[in-house]
Amino acid sequence: MIVVFGSLNVDFFLKVKAFPKPGETVLTPRSVVRAGGKGANQAAAAAKAGARVEMIGAVGTDATASVALDSLRTAGVDCSGVLRMKDEPTGMAMITVDEKAENSIVVASGANAALTADAVPDALLTPDTVLVVQLETPVAEVSRVLRRAKEKGATTVLNAAPAAVVDEAVLKAADWVIVNETEAETLTGQKALSFEKAVSELAEKAGGNCILTAGAAGAVLCAGGRIVRAGTLPIRPVDTTGAGDCFVGVFAAMIDAKTPLPDALKAACAGAGLACLKTGAQDAQPSLSEIRRAASEIKIEIR
Ligand code: RIB
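The shown structure was predicted, so the numbers you read here are calculated from the model rather than taken from an experiment. Residues take numbers from 1 onward in each chain, read along the sequence in its written order. In keeping with the predicted nature of the model, local features appear solely for residues at pLDDT of at least 70, side-chain atom pairs appear and are counted solely at 80 or more, and the whole-chain, interface and lining totals rest on all residues. Water and hydrogen atoms were dropped before computing side-chain values, which therefore reflect all heavy atoms in the structure.

**Q** Honestly, the pairing of strand 5 (residues 78-85) in this entry has me stumped. Any pointers?
**A** Regular strands have side chains that alternate between both faces of the sheet. Any two strands with at least two DSSP-identified bridges between them are counted as paired. Strands are runs of DSSP state E lasting at least 2 residues, helices are runs of H or I lasting at least 4, and numbering of each runs from the N terminus. Where strand 4 (residues 53-60) lies against strand 5, six bridges are found, and the strand directions are parallel. Looking across to strand 5, one finds that Ile 56 is bridged to Gly 81. Convention used here: a crossover is right-handed provided that the path from the first strand, over the helix, to the second strand proceeds clockwise when the strands point away from the viewer. Note that the unit made of strand 4, helix 2 (residues 65-75) and strand 5 has a crossover that is right-handed.

**Q** Would you take a moment to explain the packing of aromatic side chains for this structure?
**A** Whether two aromatic rings pair depends on their centres lying within 6.5 Å, for rings of Phe, Tyr and Trp, where Trp uses its six-membered ring; planes under 30 degrees apart make the pair stacked, over 60 edge-to-face, and the rest tilted. Tallied over the entire structure, the rule returns two aromatic pairs. Each ring, one from Trp 176 and one from Phe 251, has its centre 5.0 Å from the other, and the planes form 75 degrees; the classification is edge-to-face. Of this pair, Trp 176 sits in strand 10 (residues 176-180) while Phe 251 sits in helix 7 (residues 243-256), placing them 75 residues apart in sequence. The interplanar angle of 10 degrees and the centroid separation of 6.5 Å between the aromatic rings of Phe 247 and Phe 251 together place this pair among those described as stacked. Linking Phe 247 with Phe 251, this pair stays in helix 7, spanning four residues, or about one helical turn. Phe 251 carries the same exposure label as Phe 247, and that label is buried. What links up through ring pairs into an aromatic cluster is the set Trp 176, Phe 247 and Phe 251. Throughout this description, buried means an accessible area under 20% of the type-specific maximum (1.4 Å probe, protein chains only), exposed means over 50%, and partly exposed covers the range between.

**Q** What am I meant to see in the site of the ligand here?
**A** Near is defined per residue: the residue qualifies when any heavy atom it owns lies within 4 Å of the molecule or strand. Around the ligand sit 13 residues in total, of which Asp 11, Gly 37, Lys 38, Glu 136 and Asp 245 are the nearest. Counted as a polar contact is a pair of N or O atoms within 3.5 Å, where, for protein atoms, one must be capable of donating a hydrogen and the other of accepting one, and residues adjacent in sequence contribute only when both atoms are in side chains. Note that an oxygen atom of the ligand is positioned 3.0 Å from one of the side-chain N or O atoms of Asn 9. Contacts to the ligand include Asp 11, whose side-chain N or O atom sits 2.6 Å from an oxygen atom. For accessible areas, the Shrake-Rupley method is used with a probe of radius 1.4 Å. Any residue's cover is judged against the shown protein chains and nothing else. About the coverage of the ligand: the protein hides 96% of its 280 Å² of free accessible area. Elements with a contribution of two residues or more to the shell around the ligand: strand 2 (9-15), helix 1 (38-48), strand 6 (91-97) and strand 7 (103-108). Under the scheme applied, nonpolar residues are Ala, Val, Leu, Ile, Met, Phe, Trp, Tyr, Cys and Pro; charged residues are Asp, Glu, Lys and Arg; polar residues are all the others, including Gly. Considered class by class, the residues forming the shell around the ligand number four nonpolar, five polar and four charged.

**Q** What is the right way to read the environment of Asp 11 from this model?
**A** By the secondary structure assignment, Asp 11 is in strand 2. By relative accessible area, Asp 11 is classed as buried at 3%. As a C-alpha pair, Asp 11 and Arg 147 span 136 residues in sequence and 30 Å in three-dimensional space. Apart from the residues within four sequence positions on either side, Asp 11 is in contact with Val 32, Val 33, Arg 34, Ala 35, Gly 36, Gly 37, Ala 93, Ile 95 and Ala 281. In what follows, a contact means two residues having at least one pair of non-hydrogen atoms within 4.5 Å.

**Q** Help me understand the side chain of Thr 137, please; the structure alone is not making it clear to me.
**A** In this structure, Thr 137 sits in the loop between strand 8 (130-133) and helix 3 (139-151). Residues in contact with Thr 137, not counting those within four places in the same chain, are Phe 5, Gly 6, Ser 7, Asn 112, Leu 115 and Val 142.

**Q** What should I look at first to understand helix 8 (residues 261-274) in this one?
**A** Multiply 1.5 Å by the residue count of a helix minus one, and that product is the helix's expected span. Between the first and last C-alpha of helix 8 there are 20 Å, a value that for 14 residues agrees with the 20 Å anticipated at 1.5 Å per step. In terms of burial, helix 8 is largely enclosed, as 11 of its 14 residues are buried. Of the positions making up helix 8, those classed as buried are Pro 262, Ala 264, Leu 265, Ala 267, Ala 268, Cys 269, Ala 270, Gly 271, Ala 272, Gly 273 and Leu 274. Looking at the packing, one finds that the buried side of helix 8 touches strand 11 (209-213), strand 12 (219-223), strand 13 (226-230), helix 7, helix 9 (288-295) and strand 14 (300-302).

**Q** Mind showing me how you'd approach the pattern of salt bridges here?
**A** A side chain with one charge can pair with a side chain of the opposite charge if their charged atoms come near. Throughout this description, the term salt bridge denotes a Lys or Arg side-chain nitrogen within 4 Å of a carboxyl oxygen of Asp or Glu. All told, the structure shown has 12 salt bridges when counted by the stated rule. Across the pair Glu 201 and Lys 197 runs a salt bridge, and its minimum N-O distance is 3.5 Å. With Glu 201 and Lys 197 both in helix 6 (residues 195-206) and four residues apart, the pair spans about one turn of that helix. Looking at Glu 201, the relative accessible area reads 25%, which means it is partly exposed. Owing to a relative accessible area of 44%, Lys 197 belongs among the partly exposed residues under this scheme. Of the charged contacts in the structure, one is a salt bridge between Arg 303 and Glu 301, with a shortest N-O distance of 2.9 Å. Shared partners join several salt bridges into a network, and the residues in it are Glu 196, Arg 229, Glu 301 and Arg 303.

Structure below.
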């Protein structure tokens, strides 16, 4: 079973031709409101990829909370561990998407900033648990949950997003560290490393395994000193928001199902590619059968 400890947001999407410059105002016909948050996106992606998923997080008692919760429940995620905070608003993200389908995001954390590790009952952390965390909730609490889960024999997955400097102890509590290029630069403290060098360095630093996702350039995995490279689907992206979250959720579902690593990587790359074909993070996520079909198109190289 997968336990996701992380953020839930409501995303407001604004489509623009180009990102506004400082001091500039640009117009767009309308905004689109969707469920988001890195934690919730990963939980939903894992559930759609066939896993049993429990979400631990926090929302407010405001009207937008139901946007975040309804989407997760529809995906089949157990939300009984999501707290309702009386004095905090539900997390909110303003997402601008340009003509190239790139995004820029500002998150108002709200209830996510009040989430603590105590929200995760010990009973959920067992050797059969895959715990998935990100850095959109307080890092100290993420660290506490990771370390508790590791002590209890769970498999731990840290998606170090958004980019932040974290103690080596946090990395060491993760069996899997999943990063994009910016996050890899932040954690290694080095720019312009090759993908293979960056994943190898991070895997060594963490004393575990690492995956670097590189958008259109695919993904590179380092596990037990072995490198696996995967390509991407031949797609024309509409919106890349949440593609990385879909990658993490699908990968977690695959390791929960004990899928061999090269196949798990292919499935995650396929999921991330398919998630770029529609606006929104959770709304764009594929089903397990769609992932399986697309995964056969992903090229892989094992060293
Ligand atoms: O990774 C995409 C997510 O980042 C969005 O859903 C937004 O809520 C922010 O958390």
